[in-house]
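Examining the three-dimensional arrangement
Listed here are the chains, written in short residue letters.
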Amino acid sequence: MTQNTTQKETHFYTIGISYKKADADMRGLFSLDQEHQERILSLAQEEGMEGLAIISTCNRTELYGFAQHPFQLIQKLCAHSKATLEDFEKVGYIYKNKEAINHLFSVGTGLDSQILGDFEVISQLKKSFALAKKFNLINAFMERLLNCVIQASKRIKNETELSSGATSVSFASVQYIMQNVADISKKNILLFGTGKIGRNTCENLIKHTQNEHITLINRTKEKAEEIAGKFHVLVKDFNTLVRELYQTDVLVVATGSKTPTITKEMLPQDREMLVLDLSIPKNVAPDVQELDKVTLIHMDYLSQMTDDTLERRKTFVPQAQQIIEEIKTEFDQWLQNRRFAPTIQALKQSLEALKEGEIDFQRKKIADFNQAQADIIGERIIQKITTRFINHLKETSTPEESLTFMKEVFEL
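Conventions we followed
Residues numbered from 1 in each chain as written. Predicted model: local features only at pLDDT ≥ 70, side-chain atom pairs only at ≥ 80, totals over all residues. Heavy atoms only, no water. Helix = DSSP H or I, 4+ residues; strand = E, 2+ residues; numbered from the N terminus. Expected span 1.5 Å × (residues − 1). Pairing = 2+ DSSP bridges. Contact = heavy atoms within 4.5 Å. Axes fitted to C-alpha atoms, helices over the stretch in contact; angles between N-to-C directions. Buried < 20%, exposed > 50% of the residue type's maximum accessible area, 1.4 Å probe, protein only. UniProt positions renumbered as here; feature names shortened; annotations may be inferred. Arc of directions from axis to C-beta. Lys, Arg positive; Asp, Glu negative; His and termini not counted. Salt bridge = Lys/Arg side-chain N within 4 Å of Asp/Glu carboxyl O. Polar contact = N/O pair within 3.5 Å; in protein donor to acceptor, adjacent residues only side chain to side chain. Parallel < 35°, antiparallel > 145°, perpendicular 65-115°, else oblique. Nonpolar A, V, L, I, M, F, W, Y, C, P; charged D, E, K, R; others polar.

Let us look at helix 2 (residues 34-47). Over its 14 residues, helix 2 extends 20 Å from the first C-alpha to the last, a length consistent with the 20 Å expected when each residue adds 1.5 Å. Directly after helix 2, the chain includes Gly48, whose backbone phi takes a positive value near 80°.

Pairing is parallel across the open sheet formed by six strands, whose spatial order is 7-6-5-8-9-10. For this open sheet the edge positions go to strand 7 (234-235) and strand 10 (294-298), each flanked by a neighbour on one side alone. Looking at chain direction, strand 5 (residues 189-192) and strand 6 (residues 214-217) are connected through four bridges and run parallel. The residue of strand 6 that forms the bridge with Leu190 is Thr215. Helix 8 (residues 169-180) contacts strand 8 (250-253), strand 9 (273-277) and strand 10 of the sheet and is inclined by roughly 165° relative to strand 9.

A few words on the pairing of strand 1 (residues 11-18). Across the eight residues that make up strand 1, a large majority, eight, are buried. Where burial is concerned, the two faces of strand 1 agree: the one with His11, Tyr13, Ile15 and Ile17 and the one with Phe12, Thr14, Gly16 and Ser18 are both buried. With eight bridges connecting them, strand 1 and strand 3 (residues 60-67) associate as antiparallel partners. Bridge pairing in strand 3 places Ser18 opposite Arg60. Here four bridges tie strand 1 to strand 4 (residues 93-96), and the two strands are oriented antiparallel to one another. Residue Ile15 lies in a different strand from strand 4, and its bridge partner there is Ile94.

Let us now look at the UniProt feature "active site" (unreviewed entry) in the protein chain. Mapped onto the present numbering, the UniProt feature "active site" (unreviewed entry) falls on Cys58. You can see Cys58 is positioned in the loop between strand 2 (52-56) and strand 3. Exposure remark for Cys58: the relative accessible area of 18% places this residue in the buried category.

Among the residues of helix 16 (residues 399-409), those classed as buried are Pro399, Ser402, Leu403 and Met406. Down the axis, helix 16 shows its buried residues gathered within 100° of arc, on one side only. Facing away from the buried side of helix 16 by more than 90 degrees, the exposed set consists of Glu401, Phe405 and Glu408. Structurally, helix 16 contributes buried residues whose contacts are with helix 14 (317-365) and helix 15 (371-395). Two residues or fewer after helix 16 comes Glu411, characterised by a positive phi angle close to 50°.

With numbering matched to this structure, UniProt assigns "binding site: substrate" (unreviewed entry) to Thr57, Cys58, Asn59, Arg60, Ser113, Asp118, Phe119, Glu120 and Gln124. Taken together, the annotated residues stretch across 68 residues yet fold into one region, lying no more than 14.1 Å apart by C-alpha. Look past the residues within four positions of Cys58 in its chain and what remains in contact with it is Arg27, Ile197, Ile280 and Met299. Structurally, Glu120 is set in helix 6 (residues 120-134).

Examined against the element boundaries, Asp87 turns out to sit in helix 4 (residues 85-91). Lys90 provides the closest opposite charge to the buried, salt-bridge-free Asp87, at an N-O distance of 4.6 Å. A polar contact of 2.9 Å, which involves the side chain of Asp87, links it to the backbone nitrogen of Thr84. Every residue in contact with Asp87, bar those within four places of it in the chain, is listed here: Met26, Leu29, Phe30 and Gly92.

What follows is about the pattern of salt bridges. All chains considered together, the criterion is met by 19 salt bridges. In this structure, Glu143 and Lys133 form a salt bridge, with 2.6 Å as the shortest nitrogen-oxygen distance. You can see Glu143 sitting in helix 7 (residues 140-159) and its partner Lys133 sitting in helix 6, a full ten residues away along the chain. Judged by its relative accessible area of 44%, Lys133 falls in the partly exposed class. Lys355 is the partner of Glu352 in a salt bridge, and the nearest nitrogen-oxygen pair spans 3.5 Å. Here Glu352 and its partner Lys355 are both found in helix 14, three residues apart, which amounts to about one turn of the helix. Residue class for Glu352 comes out partly exposed when judged on its relative accessible area of 24%. For Lys355, a relative accessible area of 10% gives the class buried. Where salt bridges share partners, they join Glu352, Lys355, Glu356, Asp375 and Glu379 into one cluster.

Across the interface, helix 5 (residues 98-108) lies against helix 6 with an axial gap of 8 Å and an inter-helix angle of 125°. Taken together, the axes of helix 5 and helix 6 are oblique relative to one another. For the pair helix 5 and helix 6, contact is made by Leu104, Val107 and Gly108 and by Val121, Ile122, Leu125 and Phe129, respectively. Tallied by class, the residues present in the contact of helix 5 with helix 6 amount to six nonpolar, one polar and no charged.

Note that the residue after Ile280, namely Pro281, is joined by a cis bond; omega there is -5°. Looking at the element boundaries, Pro281 is found in the loop between strand 9 and strand 10. Backbone geometry places Asn97, a non-glycine residue, at a positive phi of 50°. Among the structural elements, Asn97 can be located in the loop between strand 4 and helix 5. Although it is not a glycine, Asp368 adopts a positive phi angle of roughly 50°.

Right, here's the structure in full:
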């Protein structure tokens, strides 16, 4: 897991914040849009970092990469977000080497999700690593690690029921609406915002509510029309937002603004309305709660729903962990073999030199010396010797001692 450089030894770290210790407002401070992610990656590339990837979702912002000290990654996060080092000290976490690998497996398989079994994060991880690859910041270690996490995610989906029932905040929001709004199929639903959560919520609303009164509004109308074409919902201009709010029974806000997009003054005083804010940072002003007939629910509340489905999912956690352990063992084996490779290659070269020297010596001494046969025999012996060493290194509990012994004996 450690990498050698010409300067100091580096280690693989995960640093970041998540819903576990940081509330929605704090997570908003650490949030990184694509422009800021690309800026961090560009600077990392200029600095010659050997590996770095970034993920920033509504529930977490994390950096995965190699560094001599985790502060190098923490500094990058705080320098390009609205958070401070003091904020990180309060809510941040640092994982190193094996712990960092374990954490990435937990995140990618939904075990660390705010809603247990939420697999949406695996696609977000794929995108974050793909972006980092454009900056040449995904080395062999990180590429292999992500592939193993993807493999674990697929197996858990196929072999367990960890993802049964509600799998995301978007579905949990629809579940909440259906449980708390009577005659939902006849109500006017307004979806404001077309981010990923907004699109997923829109799809779930159509699928589960049988509602034909869903209106979609976005600052960029073209994006709204693109989604409307897929889901057959009504699109209205952004400048009609306030007028539409006065006819709305259920408002779902999934915008990506840094400041509130829905304020108290924009909402009717005398209309019963359920408002769901699925944005990070919060995009509905807190004073909206002062309106007697308006119920404001934030995604943090939705994520805490402990219904029967989520309780049932917990029973599949041991099965999921077993799958992760199996794949982690394969990754560890690959990592170990990779660590052995330079010494084994040096051993083969040393044995090749011994073989060539002996063949040259015998060719001068033996009449009708058959060099072709001698080469074949010599290669087979070298192969058998190196295979014995490889198997020993795989099976021994002290591979470093064995590698040191090999280097001394063969002067590698």
